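In case you want the letters, here they are:
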Amino acid sequence: MRTRGILIAVLSALAAIAALVGPGGGVARADLPVQYSFLSGIPGELTHPGGSLPGSNDFHCKPSAEHPNPVVLVHGTGGSQQTNWGTYVPLLKNEGYCVFALTYGQITGAPWPISAIGGMGPMQDSAAELGRYVDKVLAATGAEKVDIVGHSQGTAIPDYYAKYLGGADKIDKYVSLAPLWNGTNTFGAGLLLPLVRQLGVSAEQLPICQACGQFDPKSPFVTELRAGGVYLPHITYTNIATRYDELVVPYTSGLEPGGANVHNIVVQDGCPVDYSEHAGVAGSRRAAFFVLNALDPDHPRPVPCDRAAPITGSPF
């Protein structure tokens, strides 16, 4: 009887392990709480400064046959691997993805909490940081390619990496929230770079935020990014824009036309009660389901229509 009891316990343990492991011995699905709010990652940074949200950056994670590409999350200006992705890390982990996120473009040598503010450095340097991180993810997971989900500045950084830093063959699906293909003139960005040039200062020499000067649609960075077209033929692109974007103006500038490998989505099409704007679109449940369908187009699910608030994207 004792031997039988031990055998049952062992079999139960093996069954529990098997239930956690995805198809093909891959990533364990999780049951993490998902809060649809752009601000939902901030508590993680406050309680675990410089850390990773639960469900992300597990370099022992092995992708499943169902989701063979690890997902790399690329935050926007002022964001980090925690603060930008409070919605997406648990959502994607629960779906069985290997989820990774980095903080790029930090102010060198800055103490916390300044160190949690990313996207400040020159975007070319940030793209190189992303490239090193992707190589680390591919080496750890054994995957051939990654899928990218970017927000704001995090939509431009991967494109530069793909076009100029060897990333073209390492990205499969590329999903952009509030894409920044044409830079922005809002908040004086279009006036900033010409002014500093008159002073003999380049965007890269601006204090605190070198990337901010590069948002000028006429900046060398945007010019180089757009040279020959922003898209590459072997990557599948999905652009998810919001009509209430106060930084990408007009919002349609983020919906760069392309070929069959480019899909443009406006969150409010078919759902006028989603009021999420530039930040809130990264917390909108509707936008999140568009992302899930872009990452797994073979298994689409109905996209909900919720009342979503500005700034947070939270239901209300």
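Look a little higher up for the structure.
Residues numbered from 1 in each chain as written. Predicted model: local features only at pLDDT ≥ 70, side-chain atom pairs only at ≥ 80, totals over all residues. Heavy atoms only, no water.

So, about the sheet that holds strand 5 (residues 146-151). The strand order across the open sheet formed by six strands is 4-3-5-6-7-8, and the pairing between neighbours is parallel. Looking at the sheet topology across the chains shown, the edges are occupied by strand 4 (99-102) and strand 8 (262-266). On average, each strand axis in the sheet is inclined to that of its neighbour by 15°, with strand direction left out of account. With four bridges joining them, strand 3 (residues 71-74) and strand 4 adopt parallel strand pairing. When the bridges of strand 4 are listed, valine 71 appears paired with valine 99. Those strands touched by helix 5 (residues 153-164) are strand 3, strand 5, strand 6 (171-177) and strand 7 (236-241), and its axis lies near 155° from that of strand 6. Its contacts with the sheet place helix 9 (residues 285-295) against strand 3, strand 5, strand 6, strand 7 and strand 8, and it is angled at close to 165° to strand 6. (Pairing = 2+ DSSP bridges. Helix = DSSP H or I, 4+ residues; strand = E, 2+ residues; numbered from the N terminus. Axes fitted to C-alpha atoms, helices over the stretch in contact; angles between N-to-C directions. Contact = heavy atoms within 4.5 Å.)

Now for the side chain of asparagine 69. Take asparagine 69: it is sitting in the loop between helix 2 (42-47) and strand 3. For asparagine 69, a relative accessible area of 11% corresponds to the buried category. Reaching out from asparagine 69, the side chain makes a polar contact with the side chain of aspartate 147 at a distance of 3.1 Å. In this structure asparagine 69 touches Tyr97, Lys145, Val146, Asp147, Asp172 and Lys173, once residues within four positions along its chain are discounted. (Buried < 20%, exposed > 50% of the residue type's maximum accessible area, 1.4 Å probe, protein only. Polar contact = N/O pair within 3.5 Å; in protein donor to acceptor, adjacent residues only side chain to side chain.)

The next thing to look at is helix 4 (residues 123-141). Counted at 1.5 Å a residue, the expected span for helix 4 with its 19 residues is 27 Å, and the 26 Å between its end C-alpha atoms agrees. Looking at helix 4, one finds that the buried residues are Met123, Ser126, Ala127, Leu130, Gly131, Tyr133, Val134, Val137, Leu138, Ala140 and Thr141. Contacts made by the buried residues of helix 4 are with strand 3, strand 4, strand 5, helix 5, helix 7 (210-213) and helix 8 (220-226). Of the residues trailing helix 4, glycine 142 is marked for its positive phi of about 75°. (Expected span 1.5 Å × (residues − 1).)

Okay, the pairing of strand 5 next. With six of six residues buried, strand 5 is to be regarded as a mostly interior element. Residues of strand 5 alternate between two faces, with Val146, Ile148 and Gly150 on one and Asp147, Val149 and His151 on the opposite face, all of them buried. Note that strand 3 and strand 5 share four bridges and pair parallel. Counted as the bridge partner of valine 72 is isoleucine 148 from strand 5. Where strand 5 meets strand 6, five bridges bridge the pair, whose relative direction is parallel. Bridge pairing in strand 6 places valine 146 opposite isoleucine 171. Regarding topology, helix 5 serves as the crossover connection from strand 5 to the parallel strand 6, and that connection is right-handed. (Right-handed = clockwise from strand over helix to strand, strands pointing away.)

With that settled, consider the nonpolar core. Counting residues in hydrophobic clusters, the biggest one holds 40 residues, and the most contacted among them are Val72, Leu130, Val146 and Ile171. Taken together, the elements giving at least two residues each to this core come down to strand 3, strand 4, helix 4, strand 5, helix 5, strand 6 and helix 8. A per-element tally of this core places helix 4 first, with seven residues. Excluding its chain neighbours within four sequence positions, the residues that come into contact with leucine 130 are Val72, Val74, Leu102, Ile157, Pro158 and Tyr161. (Core = buried A, V, L, I, M, F, W, Y, C linked by side-chain atoms within 4.5 Å.)

By the definition in use, this model includes six salt bridges. Across the pair glutamate 95 and arginine 301 runs a salt bridge whose closest N-O atoms are separated by 3.3 Å. Taken together, the positions of glutamate 95 in the loop between helix 3 (88-94) and strand 4 and arginine 301 in the segment after helix 9 put the pair 206 residues apart, joining distant regions of the chain. Here aspartate 269 and arginine 243 are joined by a salt bridge, their closest N and O atoms 2.4 Å apart. Of this pair, aspartate 269 sits in the loop between strand 8 and helix 9 while arginine 243 sits in the loop between strand 7 and strand 8, and the two are 26 residues apart along the sequence. You can call aspartate 269 partly exposed: its relative accessible area is 40%. (Salt bridge = Lys/Arg side-chain N within 4 Å of Asp/Glu carboxyl O.)

With that settled, consider the packing of helix 4 against helix 5. The interhelical angle for the contact between helix 4 and helix 5, taken along N-to-C directions, is 75°, at an axis separation of 8 Å. One finds that helix 4 runs roughly perpendicular with respect to helix 5. Mapping the contact onto sequence places Met123, Gln124, Ser126, Ala127, Leu130, Gly131 and Val134 in helix 4 and Gln153, Ile157, Pro158, Tyr160 and Tyr161 in helix 5. Each residue belonging to the contact of helix 4 with helix 5 can be placed in one class, and the counts come to eight nonpolar, four polar and no charged. (Parallel < 35°, antiparallel > 145°, perpendicular 65-115°, else oblique. Nonpolar A, V, L, I, M, F, W, Y, C, P; charged D, E, K, R; others polar.)

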